[in-house]
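Descriptive analysis of the structure
Each chain, written out:
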Amino acid sequence: MNTKNTILLGASLSVLGLFFSSFILEGGDINTIGLIIILFTIPSIIPSVLNGYYLEFVENLSNSGMQKVLSFLPVVLFLLLALPNNIPLPIIDINLSFVFKLAVIPLFITNMVWLYKLEKT
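Predicted model only: the values in this text are computed from it and were never measured.

**Structural notes on the packing of helix α2 (residues 30-59) against helix α5 (residues 96-120)**
Between two packed helices, the angle of one axis relative to the other and the distance separating the axes together describe the packing. Look at α2 against α5: their axes get within 10 Å of each other, and the N-to-C directions meet at 35°. In this structure, α2 crosses over α5, and the sense of that crossing is right-handed. The residues of α5 that touch α2, namely those facing Ile36, Phe40, Pro43, Ser44, Pro47, Ser48, Asn51, Leu55, Val58 and Glu59, are Phe98, Val99, Ala103, Leu107, Thr110, Asn111, Trp114 and Leu118. Class assignment for the residues of the contact of α2 with α5 results in 12 nonpolar, 5 polar and 1 charged.

**Focus: the nonpolar core**
Counting 15 residues, the largest nonpolar core has Leu18, Phe40, Phe78 and Phe98 as its most contacted members. Those elements that place two or more of their residues in this core are α2, α4 (73-81) and α5. Sort the elements by how many residues they give to this core and α5 lands first, with 8 residues. Those residues within four positions of Phe98 in sequence are excluded, and the remaining contacts are Leu18, Ser21, Leu25, Ile36 and Phe40. Of all hydrophobic cores here, the second largest spans 5 residues; its members include Val58, Trp114, Leu115 and Leu118.

**Description of a nonpolar patch on the surface**
Together, Leu16, Phe19, Phe20, Phe23 and Ile24 give the surface a local cluster of nonpolar side chains, amounting to about 530 Å² of exposed area. Locating Ile24 in the fold gives a position in helix α1 (residues 3-26). A residue is classified by how much of its surface remains accessible, and Ile24, at 67% relative accessible area, is exposed.

**Brief notes about the packing of aromatic side chains**
Two aromatic rings, taken as a pair, are described by how far apart their centres are and by the angle between their planes. Within the structure shown, the criterion is met by 5 aromatic pairs. On the basis of an interplanar angle of 25° and a centroid distance of 6.3 Å, the ring pair of Phe19 and Phe23 is categorised as stacked. In this pair, Phe19 and Phe23 both sit in helix α1, 4 residues apart, roughly one turn of the helix. Residue classification places Phe23 among the partly exposed residues on the basis of a relative accessible area of 41%. Each ring, one from Phe72 and one from Phe108, has its centre 5.8 Å from the other, and the planes form 40°; the classification is tilted. With a gap of 36 residues between them, Phe72 in the loop between α3 (64-71) and α4 and Phe108 in helix α5 connect regions that are remote in the sequence. Take Phe108: its relative accessible area is 41%, and that puts it in the partly exposed class.

**Description of the packing of α3 against α5**
Across the interface, α3 lies against α5 with an axial gap of 10 Å and an inter-helix angle of 165°. Classified by the angle their axes make, α3 and α5 are roughly antiparallel. The chirality of how α3 crosses α5 is right-handed. Contacts between α3 and α5 involve Gln67, Lys68 and Ser71 on the former and, on the latter, Asn111, Trp114, Leu115, Leu118 and Glu119.

**Examining the side chain of Thr3**
Position of Thr3 among the secondary structure elements: in helix α1. Taking relative accessible area as the criterion, Thr3 reaches 16% and is therefore assigned buried. Separated by 3.3 Å, the side chains of Thr3 and Glu56 make a polar contact.

What counts, and where the lines are drawn
- All residue numbers here refer to positions counted from 1 along the written sequence of the relevant chain.
- At least 70 in pLDDT is required for a residue's local features to be given in this predicted model, at least 80 for side-chain atom pairs to be given and counted, and no such filter applies to totals for whole chains, interfaces and linings, which use all residues.
- In computing side-chain properties, one takes all heavy atoms of the structure into account and sets aside hydrogens as well as water.
- Lines are fitted to the C-alpha atoms to define the axes, a helix being fitted only along its stretch in contact, and any angle between axes, read from their N-to-C directions, falls within 0 to 180 degrees.
- A helix here means a DSSP run of H or I that spans at least four residues, while a strand means a run of E at least two residues long, and both kinds are numbered starting from the N terminus.
- Here is the rule for handedness: rotate from the far helix to the near one, and if that takes an anticlockwise turn smaller than a right angle the crossing is left-handed, while a clockwise turn gives right-handed.
- Only heavy atoms enter the contact rule, under which two residues are in contact if any of them lie within 4.5 Å.
- Lys, Arg, Asp and Glu make up the charged group, whereas Ala, Val, Leu, Ile, Met, Phe, Trp, Tyr, Cys and Pro make up the nonpolar group; the residues left over, Gly among them, are polar.
- Only buried residues count toward a nonpolar core, which is a set of Ala, Val, Leu, Ile, Met, Phe, Trp, Tyr and Cys residues joined through side-chain atoms within 4.5 Å.
- With a 1.4 Å probe rolled over the protein chains alone, any residue whose accessible area is under 20% of its type maximum counts as buried; one over 50% counts as exposed, and the rest are partly exposed.
- Put simply, a patch holds well-exposed residues, over 30% relative accessible area, that have no salt bridge, with like charges counted together within 9 Å and Val, Leu, Ile, Met, Phe, Trp or Tyr side chains within 5 Å.
- Residue-level accessible areas treat just the shown protein chains as cover; the underlying method is Shrake-Rupley with a 1.4 Å probe.
- Here a salt bridge means any side-chain nitrogen of Lys or Arg lying within 4 Å of a carboxyl oxygen belonging to Asp or Glu.
- Aromatic pairing here means that ring centres of Phe, Tyr or Trp (its six-membered ring) are within 6.5 Å. Orientation follows from the plane angle: under 30 degrees is stacked, over 60 is edge-to-face, and everything else is tilted.
- Put simply, angles under 35 degrees are roughly parallel, angles over 145 are roughly antiparallel, angles from 65 to 115 are roughly perpendicular, and the rest are oblique.
- We call two N or O atoms a polar contact when they sit within 3.5 Å, provided that within protein one can donate a hydrogen and the other can accept it, with sequence-adjacent residues counted only if both atoms are side-chain atoms.

If you want it as structure tokens, here you go:
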């Protein structure tokens, strides 16, 4: 799976997750949902881009067992970063813990698809 497709899959899943989680959290208030989407779109896409380039690096390793283990390192890292309740980013006044919580599921799905494609080739 090439890097472009990996990034596109992760970014689209992140944006979909952002929309659905903001819809659930805010109870359908369209003004707040729009504000959340405006504030959190780029911070939620950045982990997907970094994950895509990281998976490209992992793909160049020769040991397939090491590839499988290292492909889930970003998921574990973001899961650990999502544990604290409040990680403020005062420049744009957002909570990074929310971004890390949003990133765990799309990164996990993206890495599973990447592993499937890697095993298939």
